[in-house]
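Residue-level listing of the chains:
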Amino acid sequence: MIKILSIRIILPFALFVLAACTNQPERWTNKGSGPLSAGARNEIARNSPEGLVRIGEGFERSGNYANALNLYDQALANDPTLIAAKLAKGRVLSRGSRRPEGIAILNQLVSEAPDNREAVIALTQAYSFTQDYTKAYSTIEPLAHSGEADQTALNLAGTLAQVLGNPVEANLFYDRALQINPGNSDILGKLAISFALENEYESAIAVLQPLLNNSRGSQSAAKTLAHIYALSGQIEAANAIIRSAGDPTEAKKQEKFHTLLSNMNRNEQAIALLFNVVPISVLERENENIDE
């Protein structure tokens, strides 16, 4: 005798089979994400797709992009119009191998809602990841010059202006950001580097001094101070400063960086110091030297 299964059992099973046969994100899933079980995911998706986005953002902040993306996709499968999920998915994809897809999502969001500050900032950062700083700056500039800019937008605009060779504009953005959040260590550090890149070393150290005097931020400030000395051509002094910070592993890493920094032009130095990446042009030169 064949037992007839109830609809309550058949329906979820059919949904799982259907999802497995397509490339579309699953509305319901049989896979957990981290400590979040499949049942919990489905329950949240059913009642509040926004809840999946908030949980996904927690994964994203911790660097677990795979689980974050799973939750964003499921949220979108349940509510394709959910802007928060589109923004989050675009932001995560723009960090990895699917960057063009992420940029396309963010571009669409910005074109549909130019006043969406989070989307503008995410798209700016996505272009910065590709080292297309001209596109990045043109994306953030309207927001940065408006009265709606927050410290994040102003900090990013200042960094991009400096990288593109406009230190006066960069300092204006940094000053406005500091008016919103005086004493912000990240902005002060970038402002100090901005002065040093223009050979204004005394001004750079004066800006950095409050951070050097603050025990909580002194290690990070010492690293910035070492970079200022390296920019001035005093590589040995820069290495001595970084060794005094007390982390031998970090000191060796920074000593190599200081040597690499000394072989860069000012634009490349700005990229390396303000975005913490090796410029593409430097990597190309290194590869050419290896080939020779």
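Just so it is clear, the model here is predicted, and its values are computed rather than measured.

### What to know about the overall build of the protein
Right, on to step 1. Tallying secondary structure elements over the protein gives 17 helices and zero strands in all.
Right, on to step 2. Buried positions account for 43% of the 292 residues belonging to the protein.
Right, on to step 3. Restricting to contacts in the protein with at least 6 residues of sequence separation, those with at least 24 account for 45%.
Right, on to step 4. Total accessible area on the protein is roughly 16000 Å²; 53% of this is exposed by carbon and sulfur atoms.

### Thoughts on the nonpolar core
Right, on to step 1. If you look at the biggest cluster of nonpolar residues, it comprises 65 residues, and the most contacted ones within it are Ile140, Leu160 and Leu261.
Right, on to step 2. Setting aside anything within four residues of it in sequence, one finds Ile140 in contact with Val120, Ile121, Thr124, Ala153, Leu156, Ala157 and Leu160.
Right, on to step 3. Ranked by size, the runner-up nonpolar core spans 18 residues in total, among them Ala45, Ala68, Leu76 and Ala88.

### A word on helix H13 (residues 218-231)
Right, on to step 1. Spanning 14 residues, H13 covers 20 Å between terminal C-alpha atoms, matching the ideal 20 Å at 1.5 Å per step.
Right, on to step 2. Taken together, the buried positions of H13 are Ala221, Ala222, Thr224, Leu225, Ala226, His227, Ile228, Ala230 and Leu231.
Right, on to step 3. Its buried side turned inward, H13 meets helix H11 (185-197), helix H12 (201-213), helix H14 (235-244), helix H15 (248-262) and helix H16 (266-275).

### Observations regarding the packing of helix H9 (residues 151-163) against H11
For any two helices packed against each other, the geometry is given by the interaxial angle and the distance between the axes.
Right, on to step 1. In contact at an axis separation of 11 Å, H9 and H11 are set at 15 degrees when each is read in the N-to-C sense. One finds that H9 runs roughly parallel with respect to H11. Note that H9 runs across H11; the crossing there is left-handed. Residue-level inspection shows Asn155, Thr159 and Gln162 of H9 in contact with H11, the latter providing Asp186, Ile187, Lys190, Ser194 and Leu197.
Right, on to step 2. Each residue belonging to the contact of H9 with H11 can be placed in one class, and the counts come to two nonpolar, four polar and two charged.

### Some remarks on the pattern of salt bridges
Right, on to step 1. In the structure shown here, the tally under the stated rule is seven salt bridges.
Right, on to step 2. Across the pair Lys89 and Asp73 runs a salt bridge, and its minimum N-O distance is 2.9 Å. Of this pair, Lys89 sits in helix H5 (residues 83-93) while Asp73 sits in helix H4 (residues 65-78), and the two are 16 residues apart along the sequence. The burial state of Lys89 is the same as that of Asp73; both residues are buried.
Right, on to step 3. Note that Glu101 is salt-bridged to Arg98, the shortest N-O span being 3.0 Å.
Right, on to step 4. You can call Glu101 partly exposed: its relative accessible area is 33%.

About the criteria used
- Residues numbered from 1 in each chain as written.
- Predicted model: local features only at pLDDT ≥ 70, side-chain atom pairs only at ≥ 80, totals over all residues.
- Heavy atoms only, no water.
- Helix = DSSP H or I, 4+ residues; strand = E, 2+ residues; numbered from the N terminus.
- Buried < 20%, exposed > 50% of the residue type's maximum accessible area, 1.4 Å probe, protein only.
- Contact = heavy atoms within 4.5 Å.
- Areas by Shrake-Rupley, 256 points an atom, 1.4 Å probe, with all protein chains shown as cover.
- Core = buried A, V, L, I, M, F, W, Y, C linked by side-chain atoms within 4.5 Å.
- Expected span 1.5 Å × (residues − 1).
- Axes fitted to C-alpha atoms, helices over the stretch in contact; angles between N-to-C directions.
- Parallel < 35°, antiparallel > 145°, perpendicular 65-115°, else oblique.
- Left-handed = near helix turned anticlockwise from the far one by under 90°.
- Nonpolar A, V, L, I, M, F, W, Y, C, P; charged D, E, K, R; others polar.
- Salt bridge = Lys/Arg side-chain N within 4 Å of Asp/Glu carboxyl O.

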